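Structure assessment
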Amino acid sequence: MTTTLDEPTAGEPTAGEMASSSATEPGEALPPTISDMVVAPKLLQSAGLITVEVMVEHADVVTITVDGGEPVALAPVSDTQFTGDIAVFGESWNGDHVVEAIAARDAETSEPRTDTFTVVAPAAGGEAWLKKSPLVPSYGNAVDVDDQGDVLELFTHATPQGQECFLRRRDDKGVSVWIGDSRWIAQGSDCVGEDVKFAPDGTIWVLVNVYENGFGRWQLWHLDGEGLPLGQTPEDGSLTHLGRGLDVNDAGDVLLCGTRPATQADDDAWARLQRAVGEPWTVPWDYRAPFEPEKEHQFTERTRDCAFVEDRIVVVGEAWGAHKQDDQTFQNRGFAVELSYSGMTLAEVANPGSPAWHSGHLAVAPDGVGGYMTAGYNCGEMVTPCNNTRGALRWFTLGAAEVDAQTISEARRVLDAARSPSGYVVVAAEGLQADEGFLVQGWFSGAADPVVNYTGAKTKLQVATGIAADPVGFILAGGYYQEADDTLAAGIVKLHPY
């Protein structure tokens with residue numbers, strides 16, 4: 001028996017026409033789809049950015065994953081185009097990678113689309129470039145780097161008439177970009193550089209100390225992107241109030257810290273917050289022994305650095321005094337104090353007497369996971385001064401609770417620290433060997449060994465004094481070198497990240 005379909009009468013739709021009509025009913029949404037996806041470059045030979053561009057139809061969200069990791073949303077360029085960057089941090093990314101994109105609208109998702117890229121970055125700690133200052137004798141004080149990879153180098157030039165402060169800006173290839181090479185800060189003053197930071201608007205803040213008849217005071221300079229003064233700069237501290245640390249947060253707030261006389265016998269730490277909007281405040285801080293909390297000014301606080309960490313201000317340094325009950329032997333112990341944005345003390349801690357007799361925090365940096373890391377030194381010998389120091393790192397949660405510590409046996413002192421977007425901290429140190437003393441390392445909390453370990457090529461004397469990391473993890477370290485002709489030259493090196 002044969003079954004046949006009835007022929008439609010004139011004017012009636014066919015079955016195919018009815019199916020087509022059903023798929024495109026007025027007001028019915030079409031499913032999200034990905035029409036094209038571009039990942040570029042396909043081969044990356046250093047740390048850098050991989051750009052992902054996805055073309056879509058009928059979608060309002062596009063997310064990507066790399067090697068099956070956490071989804072990240074791309075930014076819309078138009079109704080049909082979404083884009084974003086993958087930050088590749090260096091050697092640890094070497095190999096092939098798969099990028100998967102999914103478009104979505106409401107609860108509906110598209111079929112996934114994939115593409116690949118390959119990374120063959122140089123070994124971590126290798127030199128991208130090394131530059132030394134033509135202005136000598138000089139020594140580096142601090143560095144900072146912006147989102148484009150431009151680096152600021154604050155250094156001090158020694159002359160027969162005294163010391164002079166200079167600031168130089170280099171591009172990501174190490175080329176000096178300012179006409180005349182550098183900018184003279186605090187012209188006409190005996191000056192020592194302390195710290196430098198880019199602000200989020202591209203302007204520059206510079207902290208120096210200037211000296212008159214042997215007495216110093218801090219000066220804070222605000223410069224434009226060309227290194228030229230803005231407004232009524234500089235701001236001056238009171239005589240004998242020395243500045244040591246500087247930081248600028250994403251809101252444009254400026255943090256200063258330092259040391260000032262408290263009595264004829266000792267000094268106090270101080271911190272100053274200059275909000276982007278509003279009046280600045282300055283507060284002192286005086287460490288008190290836990291066994292004698294009512295006694296003021298029993299210790300000299302030598303401030304060394306400060307930083308914004310989450311919603312707090314952290315100030316670090318050394319507290320000098322009698323730290324043991326019923327024992328008047330004086331020691332240095334590293335301190336960390338956490339302040340609120342209103343200047344209230346929230347937490348404080350001084351290092352324990354073990355494993356080090358003397359200790360000090362010379363730098364502080366956020367650790368990227370809600371706490372902070374301090375860098376400095378330990379010394380086990382019960383003598384003063386204690387010359388047999390070793391580099392030391394300590395990690396803290398907010399609340400000043402120590403969670404990890406690491407001794408760097410090949411360093412005499414760790415002089416600066418910065419958080420890398422790669423997930424570790426990078427440090428600049430003075431190595432034990434004077435001719436290989438330009439030491440840069442990268443550390444994860446809890447690790448037994450550094451993931452970055454760089455020592456400068458031999459000169460008579462060399463020390464790394466400042467450090468920063470750019471948005472893809474390249475490490476910028478500054479310091480100084482004593483050359484074969486005994487000339488002291490400020491220098492800066494760019495290193496490949498892990």
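Now for a look at the structure at hand. Given the structure is predicted, the values throughout are model-derived calculations rather than measurements.

Attention now goes to the sheet that holds strand E36 (residues 461-469). Strand order in the open sheet made by the four strands is E11-E38-E37-E36, with antiparallel pairing throughout. The sheet terminates laterally at strand E11 (127-132) and E36, the two strands that pair on one side only. Between one strand axis and the next, the sheet turns by 20° as a mean value, whatever way the strands run. With five bridges connecting them, E11 and strand E38 (residues 488-495) associate as antiparallel partners. Considered in E38, the bridge of Leu-130 is made with Val-493.

A few words on the nonpolar core. Judged by nonpolar contacts, the single largest core of 23 residues is most densely connected at Val-52, Val-54, Val-56, Ile-86, Val-88, Val-99 and Phe-117. Put simply, the parts of the chain that give this core at least two residues each are strand E1 (33-40), strand E3 (48-57), strand E4 (61-66), strand E7 (81-88), strand E8 (95-105) and strand E10 (113-119). Broken down by element, this core gets its largest block of residues, four residues, from E3. In this view, Phe-117 contacts Val-39, Pro-41, Lys-42, Ile-50, Val-66, Ile-86, Val-88, Trp-93, Gly-95, Asp-96, His-97 and Val-99; residues no more than four positions away in its chain are not counted. Membership of the second largest hydrophobic core comes to 20 residues, among which are Leu-255, Cys-257, Val-315 and Ala-319.

Let us look at unusual backbone geometry. Across the junction of Ala-40 and Pro-41, the peptide omega takes the value 0°, indicating a cis bond. A cis amide bond links Ser-354 to the next residue, Pro-355, at an omega of 15°. By secondary structure assignment, the location of Pro-355 is in the loop between strand E27 (345-350) and strand E28 (358-366). A positive phi angle, close to 75°, is found at Asp-486, a residue other than glycine. Note that Asp-486 resides in the loop between strand E37 (475-482) and E38. Since its relative accessible area comes to 45%, Asp-486 is described here as partly exposed.

Basis of the calculations
- Residues numbered from 1 in each chain as written.
- Predicted model: local features only at pLDDT ≥ 70, side-chain atom pairs only at ≥ 80, totals over all residues.
- Heavy atoms only, no water.
- Pairing = 2+ DSSP bridges.
- Helix = DSSP H or I, 4+ residues; strand = E, 2+ residues; numbered from the N terminus.
- Axes fitted to C-alpha atoms, helices over the stretch in contact; angles between N-to-C directions.
- Core = buried A, V, L, I, M, F, W, Y, C linked by side-chain atoms within 4.5 Å.
- Buried < 20%, exposed > 50% of the residue type's maximum accessible area, 1.4 Å probe, protein only.
- Contact = heavy atoms within 4.5 Å.

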